[in-house]
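# A look at the structure
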Amino acid sequence: MLSHGVGYNKRLATPDAGRRTPDAGRRTPDAGRRTPDAGRRTPDAPVFGLAPEWLLANGAPIADAMVLSHPEQLDRLREACPEAVATAVLGGDPCFDRILAARRYRERYRRALSVRPGQRLVLLNSTWNPTSLFGDGGKEDVLPLLLPRLTEELPLDDYRLAAVLHPNIWQGHGAGQIRLWLDRARRAGLTLVDPLDGWRQALIASDLVLGDFGSVSYYAAALGTPVLLGAASLDVLGPTSPVADFVRQAPQLDPFAQLLPQIDRAIHEHQPLPGPAELTSSAAGQSARLLRELFYRLIGAAQPAGPAVLDPLPLPSHEPAPSNAPLRVLTQVRKGSCGPEITLHRYADPRYEPQGPGEAHLAVPEDTLDPGVLATADVIFRHGPAHDPRLGRPEEWAAEVLEQYHSCTLAAYLTEPNACTALHRDGTLFHLTADPAGADPAAHASALLAWLSSGRTVAPGLELTVRTGAGVDRVRVTAVTTGSADAALRGGPDGSPPSPW
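Residues numbered from 1 in each chain as written. Predicted model: local features only at pLDDT ≥ 70, side-chain atom pairs only at ≥ 80, totals over all residues. Heavy atoms only, no water.

### Looking at the packing of aromatic side chains
What counts is decided by this rule: We call Phe, Tyr and Trp rings a pair once their centres come within 6.5 Å, taking the six-membered ring for Trp, and we label the pair stacked below 30 degrees between planes, edge-to-face above 60, and tilted otherwise. The helix count covers DSSP runs of H or I at least four residues long, the strand count covers runs of E at least two residues long, and both are numbered beginning at the N terminus.
Taken as a whole and assessed by the stated rule, the structure comprises 6 aromatic pairs. Relative to phenylalanine 246, the ring of tyrosine 218 lies with its centre 5.6 Å away and its plane at 85°, an arrangement referred to as edge-to-face. With a gap of 28 residues between them, tyrosine 218 in helix α10 (residues 215-223) and phenylalanine 246 in helix α11 (residues 242-249) connect regions that are remote in the sequence. Here the aromatic residues Phe96, Trp199 and Tyr219 are joined through ring pairs into a cluster of three or more.

And the structure:
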């Protein structure tokens, strides 16, 4: 018997032999509840995996060997169920060992999640419990308040958002319902991570975990990653368990205060607590050897000659940042040490005007959910190949957009990760290219609008320094044609560029 999660920490009522997992699959009668009635914990419920109710049958241990990851669990086992102490074996934590072995691939995992250089990855995490971050049984149901504010208050270029939800949450409600509940956050940039095969890699990649009293948050603390608790119920935990001690000490999120200062402070002022790193495993990196020795001893066979190893974590598939929400953009134009400089702060689908210096405009993807927003957009942009027969050439698409939406000043077709073609309402067609590292051509289009709206022109060889929270891009701007939008498309009779105004 091995622990489910990090050690033995949660209280859980006596198991029902008719279910594979206690109450894990029960759907609540209330369709609005986000967490299945996952065995509501009561103050007198035993600690899952340590009490006689879970370990004995007719007074005798069920398992031939009970694997512990740290000697502190043996002390609690001795107190809770002395009959099972003789079966206890220290075997480390294979899940934690796989995480430790894969830390060297952190940058690969960040690229897989489309985390650009300079961005911070905030990982939301919830265990399966009514008082968890994704639950609704606590004193305050903070998630409906928290999700839209995270995407509204955290600048899009500074932060990347992803979420890891316990598999029982998915099983209890179904993938369609989970995606429906999180639809607005997903359109604003939140990525849902595979709860079985991708959560460890996302944990390694993260800069901060916004979680609760579950194992993933504790593993994050064991790695030294900052953790901010959005749900911190102690009622569901064994009072002397390491996770309970962690919850008492870890910083907690105030859902009613501004989120950005709290997240920045949690990252910059982080001081790792010693408990998680010390108590997750007393044999870090050794679980494969210890467990194989145990298994072969129990079956009475000689071990293979080769070393004992664990499956390495797979490289996740690439997850583009899934944002098609309207963007409120704050811009400042100034003269920098290396020439013209534009500073951008972009916010996804904010309900209120973002606070900050600079001029504001609205940049909207053409495929945004509410097409009515396009009527008030200053910039309309679209991702696509340079030669899409459905859309025509980039300049043809751009002219069509400007004709349809009279409030739009700039239409930008994003053909490459570092390039776009943009048509201004005055008829000037621009090509923008930048260093591919960390480049976002939609941000570059907004920078170009800010530059032109300030009364400046595009001289030959113009390079703009575009500053976002994710870093600095050098963007080369080339004015291809000058004239009306129609003239920019027609050109001369022989296909030559049209005459300038």
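### Details of empty space enclosed by the protein
Where we set the bar: For cavity detection a 1 Å grid was placed over the protein atoms alone, and a set of points counts as a cavity when a 1.4 Å probe fits there but cannot get out; an open set counts as a pocket when protein lies on both sides within 12 Å along at least five of seven lines, with lining residues being those that have an atom within 4 Å of a point. Grid points are joined across faces, edges and corners, and a volume is the space filled by probe spheres set on the points. Residue polarity follows a fixed list, in which Ala, Val, Leu, Ile, Met, Phe, Trp, Tyr, Cys and Pro are nonpolar, Asp, Glu, Lys and Arg are charged, and the others, Gly among them, are polar.
Scanning the model with the defined rule gives 3 cavities of 30 Å³ or more in all. Its volume calculated, the largest cavity comes out at about 70 Å³. Lining the largest cavity, in full, are Leu124, Asn125, Ser126, Leu133, Phe134, Leu143, Leu147, Ala163, Leu165, Leu182 and Leu190. Counting only elements with at least two residues in the lining of the largest cavity, the list comes to β5 (120-126), α5 (143-153) and β6 (159-165). Its residues placed into classes, the lining of the largest cavity shows 9 nonpolar, 2 polar and no charged. Approximately 50 Å³ is the volume attributed to the second largest cavity. What lines the second largest cavity is simply Val6, Gly7, Tyr8, Asn9, Glu72, Gln73, Arg76, Tyr218, Pro242, Val243, Leu279 and Thr280. Residue assignment for the lining of the second largest cavity shows that the elements contributing at least two residues are α2 (71-80) and α11. Here the lining of the second largest cavity is built from residues that sort into 6 nonpolar, 4 polar and 2 charged.

### Concerning the sheet that holds β6
Pairing between the strands of a sheet is mediated by backbone hydrogen bonds and can be parallel or antiparallel. Selection criterion: Strand pairing requires that DSSP identify at least two bridges connecting the strands. Two residues qualify as a contact provided that any one of their heavy atoms is within 4.5 Å of a heavy atom in the partner residue. To define axes, lines are fitted to C-alpha atoms, for helices over the stretch in contact only, and angles between the resulting N-to-C directions are given on a 0 to 180 degree scale.
With parallel pairing, 5 strands are arranged side by side in an open sheet as β7-β6-β5-β8-β9. The two strands at the open ends of the sheet, each matched to only one other strand, are β7 (191-192) and β9 (227-229). Of the pairings in the sheet, the one linking β5 to β6 comprises 7 bridges and is parallel in character. For leucine 121, the partnering residue across the bridge sits in β6 and is arginine 160. The strands touched by helix α12 (residues 259-268) within the sheet are β5, β6, β8 (208-211) and β9, with β5 carrying the most contacts at an inclination of about 100°.

### Notes on the nonpolar core
Taken as a class, soluble globular proteins show a tendency for nonpolar side chains to be buried jointly. Using the following cut-off: Throughout this description, the term nonpolar core refers to a set of buried Ala, Val, Leu, Ile, Met, Phe, Trp, Tyr and Cys residues connected via side-chain atoms within 4.5 Å. Three exposure classes are used, based on accessible area relative to the maximum for each residue type with a 1.4 Å probe and protein chains only: buried under 20%, partly exposed in between, and exposed over 50%.
Counting 37 residues, the largest nonpolar core has Ile99, Trp199, Leu203, Tyr219 and Phe246 as the members making the most contacts within it. Counting only elements with at least two residues in this core, the list comes to α3 (94-102), β5, β6, α9 (199-205), α10, β9 and α11. No other element matches α10, which puts 7 residues into this core. Other than its neighbours up to four places away in sequence, tyrosine 219 contacts Gly5, Val6, Asp93, Cys95, Phe96, Ile99, Trp199, Leu203 and Thr280. Counting 35 residues, the second largest nonpolar core, distinct from the first, contains Ala325, Ala348, Leu414 and Trp451.

### Some details on the side chain of threonine 465
Counted only if it meets this: We define a polar contact as two N or O atoms separated by no more than 3.5 Å, with the added condition that, inside protein, one atom must be a possible hydrogen donor and the other a possible acceptor, whereas residues neighbouring each other in sequence contribute only through side-chain atom pairs.
Structurally, the position occupied by threonine 465 is in strand β17 (residues 462-468). Reaching out from threonine 465, the side chain makes a polar contact with the side chain of arginine 474 at a distance of 2.2 Å. Those residues within four positions of threonine 465 in sequence are excluded, and the remaining contacts are Pro340, Glu341, Ile342, Val472, Asp473 and Arg474.

### Considerations on α5
Among the 11 residues of α5, 8 are classified as buried, and the element is accordingly described as predominantly covered. The complete set of buried residues in α5 reads Leu143, Leu146, Leu147, Pro148, Arg149, Leu150, Thr151 and Glu152. Those residues of α5 that are buried lie in contact with β5, β6, α8 (183-187), β8, α12 and β11 (339-348).

### Focus on the environment of glutamine 119
Counting through the fold element by element, glutamine 119 comes out in the loop between α4 (106-112) and β5. On the accessibility criterion, glutamine 119 (5% relative accessible area) is buried. Expressed as a C-alpha distance, the spacing of glutamine 119 and arginine 160, which sit 41 residues apart in the sequence, is 6.6 Å. In contact with glutamine 119, not counting residues within four places along its chain, are Arg110, Ser114, Leu156, Asp157, Asp158, Tyr159, Arg160, Asp207 and Ala470.

### Remarks on helix α14 (residues 287-299)
Put simply, the rule reads: Each residue after the first adds 1.5 Å to the expected span of a helix.
In this model α14 runs 18 Å from its N-terminal to its C-terminal C-alpha over 13 residues, within 8% of the 18 Å that 1.5 Å per residue would give. Listed as buried for α14 are Ser287, Ala288, Leu290, Leu291, Arg292 and Leu294. Summarising the contacts, the buried residues of α14 are in contact with β3 (66-68), β4 (88-90) and α3. Positive phi appears at glycine 300, one or two residues downstream of α14, with a value of about 70°.

### Here's the deal with the sheet that holds β17
Judged by pairing direction, the barrel is mixed, and its 9 strands sit side by side in the order β10-β11-β17-β18-β16-β15-β14-β13-β12 before closing back on the first. Strand-to-strand twist across the sheet, computed as the mean angle between neighbouring axes with direction ignored, equals 30°. Across 5 bridges, the pairing between strand β15 (residues 419-424) and strand β16 (residues 429-434) is antiparallel. In the sheet register, alanine 419 faces β16, and the bridge partner there is threonine 433. Seen against the sheet, helix α15 (residues 394-404) touches β13 (379-383), β14 (410-416), β15 and β16 and runs at an angle of roughly 150° to β14. Its contacts with the sheet put helix α16 (residues 441-453) on β10 (327-336), β11, β12 (359-365), β13, β14, β15, β16, β17 and β18 (471-481), and the angle it makes with β11 is roughly 120°.

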